[in-house]
Amino acid sequence: MEWGIGRYERIAEQLLPAAEVVVDQAALQAGERVVDVGCGTGNAALLAAERGATVTGVDPAQRLLDVAAATAADRGLDVTFALGEAADIPLEDDGADVLISVFGAIFAPDPGAAAAEFDRVTAAAGRILFAAWIPGGAISQAVRLNREVVAEILGQPPPSPPFAWHELEALTALFGPHGFSASLTEHSLSFGAPSVDEFMRIEGENHPLAIAARPVLEGAGRADEVREGMRRIYEEGNEDPEAFRITSRYVVAEITRR
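Structural notes, computed from the coordinates.

The rules behind the values
- Residues numbered from 1 in each chain as written.
- Predicted model: local features only at pLDDT ≥ 70, side-chain atom pairs only at ≥ 80, totals over all residues.
- Heavy atoms only, no water.
- 1 Å grid on protein atoms, 1.4 Å probe; cavity = no way out; pocket = protein on both sides within 12 Å on 5 of 7 lines; lining within 4 Å.
- Points joined across faces, edges and corners; volume = space filled by probe spheres on them.
- Helix = DSSP H or I, 4+ residues; strand = E, 2+ residues; numbered from the N terminus.
- Nonpolar A, V, L, I, M, F, W, Y, C, P; charged D, E, K, R; others polar.
- Buried < 20%, exposed > 50% of the residue type's maximum accessible area, 1.4 Å probe, protein only.
- Pairing = 2+ DSSP bridges.
- Right-handed = clockwise from strand over helix to strand, strands pointing away.
- Patch = residues over 30% accessible without salt bridge, like charges linked within 9 Å, V, L, I, M, F, W, Y side chains within 5 Å.
- Areas by Shrake-Rupley, 256 points an atom, 1.4 Å probe, with all protein chains shown as cover.
- Salt bridge = Lys/Arg side-chain N within 4 Å of Asp/Glu carboxyl O.

## Comments concerning the layout of surface pockets
Argument step 1. There is about 190 Å³ of room inside the second largest pocket.
Argument step 2. Forming the walls of the second largest pocket are Glu-9, Ala-12, Glu-13, Leu-16, Thr-41, Gly-42, Asn-43, Leu-46, Leu-47, Thr-71 and Arg-75.
Argument step 3. Breaking the lining of the second largest pocket down by element, the ones donating at least two residues are helix H1 (8-26) and helix H2 (43-50).
Argument step 4. In terms of residue count, the dominant contributor to the lining of the second largest pocket is H1 (4 residues).
Argument step 5. Per-class residue counts for the lining of the second largest pocket are 4 nonpolar, 4 polar and 3 charged.

## Comments concerning the pairing of strand E4 (residues 96-102)
Argument step 1. Of all 7 residues making up E4, 7 are buried, and the element is well covered by its neighbours.
Argument step 2. With 3 bridges connecting them, strand E1 (residues 33-37) and E4 associate as parallel partners. Its bridge partner lying in E4, Val-35 is registered against Leu-99.
Argument step 3. Of the crossover connections in this fold, the one passing from E4 over helix H4 (residues 111-121) to the parallel strand E5 (residues 122-133) is right-handed.

## Some thoughts on unusual backbone geometry
Argument step 1. The phi angle at Ala-27 is positive, at roughly 50°, despite the residue not being glycine.
Argument step 2. When you line up the elements, Ala-27 lands in the loop between H1 and E1.
Argument step 3. Its identity as a non-glycine residue notwithstanding, Asp-94 has a phi of 60°, on the positive side.
Argument step 4. With relative accessibility at 40%, the residue Asp-94 sits in the partly exposed group.

## A word on a nonpolar patch on the surface
Argument step 1. Together, Phe-107, Val-143 and Leu-209 line one region of the surface with nonpolar side chains, adding up to about 230 Å² of accessible area.
Argument step 2. You can see Leu-209 is positioned in helix H8 (residues 208-219).

Now the structure itself:
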């Protein structure tokens, strides 16, 4: 998946409140070394830098790193941005006092490799905090519909359920062998627009997942089918009769050494 396509920066604006929650919960101290994994356009990395931390933002999409670096320069913040991913972080051993990730680590294709890498770069007294979506709700259902139809068109089996980054038992099994314990706090994030159609337009024109799926759906003549299915899901989940608003739940996981 190429996250640099589209304009993820438009989507990232909607996720800023979750970045604020993660950074606030991290209770950063001035001078702490922070790495933001899957930093995208820099929401959490920039917030951490504003709190006086020494920050490195890591992402596999160079275009998003360029956007983040330009924003940091505009705001007079000193942040290092580097290519990397959850299982390949360009830091030395014990190079981070705090590792954060806002809906980034959850896309790691190999959770076990990501956990091992988090262990490697996190200092002995360090801590890890990341945000992870709780399955369910309109957006989760719409994304699942899109993925299932794309898989069907490509002759692939239905997508397997992703790793349960939102579940305490799964996180304990993942990080426990590295000497960590886990705790969770639950939060919610609302997405709004003047109408369902406007929300779908913004997502369709900007979100990398939607843009990557479009040629497959259009090539098979099923784009309208999926669009109407997603519209029904969003309309059923709409919380604002005068416009459009839906709410997604997520957790912030805090992983600390025992």
